[in-house]
Amino acid sequence: MTDTTETTVRSLLAAARLSPSEEEIADLVAGYAEYRAGIEMLYAVPEARYASPALVFNAAPGFADWAE
C-alpha cells in the first residue's frame, strides 16, 4: 500500500460521497491495484470502445402496431 493509493481511494470515495469505515477503506486500498487493472481491461479492446455492454436496458417504449 502506498500513500498515493490511499489518497486516490479516499479521493474517489469522497467524490462519490461515500463514507465507509476505516476497515473498509483499508480493504479497498489493498485491492485497488486489482480493481484498477480490471477496469483498464474494459477499455483495452479498441473494437468494443463504443459498443453497448450487454447489460444496457433501454427504457424508451417502442410502438407495437397491434392493428396488423
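Bear in mind the structure is a predicted one, so any value in this text is a computation, not a measurement. Positions within a chain are numbered from 1, following the residues in the order the chain's sequence is written. At least 70 in pLDDT is required for a residue's local features to be given in this predicted model, at least 80 for side-chain atom pairs to be given and counted, and no such filter applies to totals for whole chains, interfaces and linings, which use all residues. Processing note: side-chain calculations cover all non-hydrogen atoms of the structure and skip hydrogens and water entirely.

Caption draft 1: Expanded view of helix α1 (residues 3-15). Secondary structure elements follow DSSP: runs of H or I of four or more residues count as helices, runs of E of two or more count as strands, with numbering from the N terminus. What a helix is expected to span follows from its residue count: subtract one and scale by 1.5 Å. Taking 1.5 Å of rise per residue, the 13 residues of α1 would be expected to cover 18 Å, and the 18 Å separating its terminal C-alpha atoms lies within 8% of that figure. Categorising residues by exposure relies on relative accessible area from a 1.4 Å probe, with only protein chains included: less than 20% of the type maximum marks a residue as buried, more than 50% marks it as exposed, and the intermediate range marks it as partly exposed. Burial in α1 covers these residues: Thr5, Val9 and Leu13. All buried residues of α1 lie within an arc of 65° about the axis, which places them on one face of the element. Seen from the open side of α1, the exposed residues pointing more than 90 degrees away from its buried face are Asp3, Thr4, Ala14 and Ala15. The secondary structure elements touched by the buried residues of α1 are α2 (22-42). Arg17, located one to two residues past α1, shows a positive phi value of around 60°. Directions are taken from the helix axis to each C-beta atom, and the arc is the one they span. Contact definition: two residues touch when any of their heavy atoms are within 4.5 Å.

Caption draft 2: Up close: the pattern of salt bridges. The rule for a salt bridge is simple: a side-chain nitrogen of Lys or Arg has to be within 4 Å of a carboxyl oxygen of Asp or Glu. As enumerated under the stated definition, the model contains three salt bridges in all. Here Glu22 and Arg10 are joined by a salt bridge, their closest N and O atoms 2.6 Å apart. Of this pair, Glu22 sits in helix α2 while Arg10 sits in helix α1, placing them twelve residues apart in sequence. The class for Arg10 is partly exposed, based on a relative accessible area of 33%. A single salt-bridge network, built from bridges that share partners, covers Glu6, Arg10 and Glu22.

Caption draft 3: Examining α2 more closely. Along its 21 residues, α2 runs 29 Å from first to last C-alpha, staying within 8% of the 30 Å computed at 1.5 Å per residue. Note that bend, as reported per residue, equals the angle between axes fitted to the 7 residues terminating at that residue and the 7 residues originating from it. Along its length, α2 reaches its greatest deviation from straightness, about 55°, at Gly31. Among the residues of α2, Ile25, Val29, Gly31 and Tyr32 are the ones counted as buried.

These results come straight from atomic positions and should not be treated as a statement about function.
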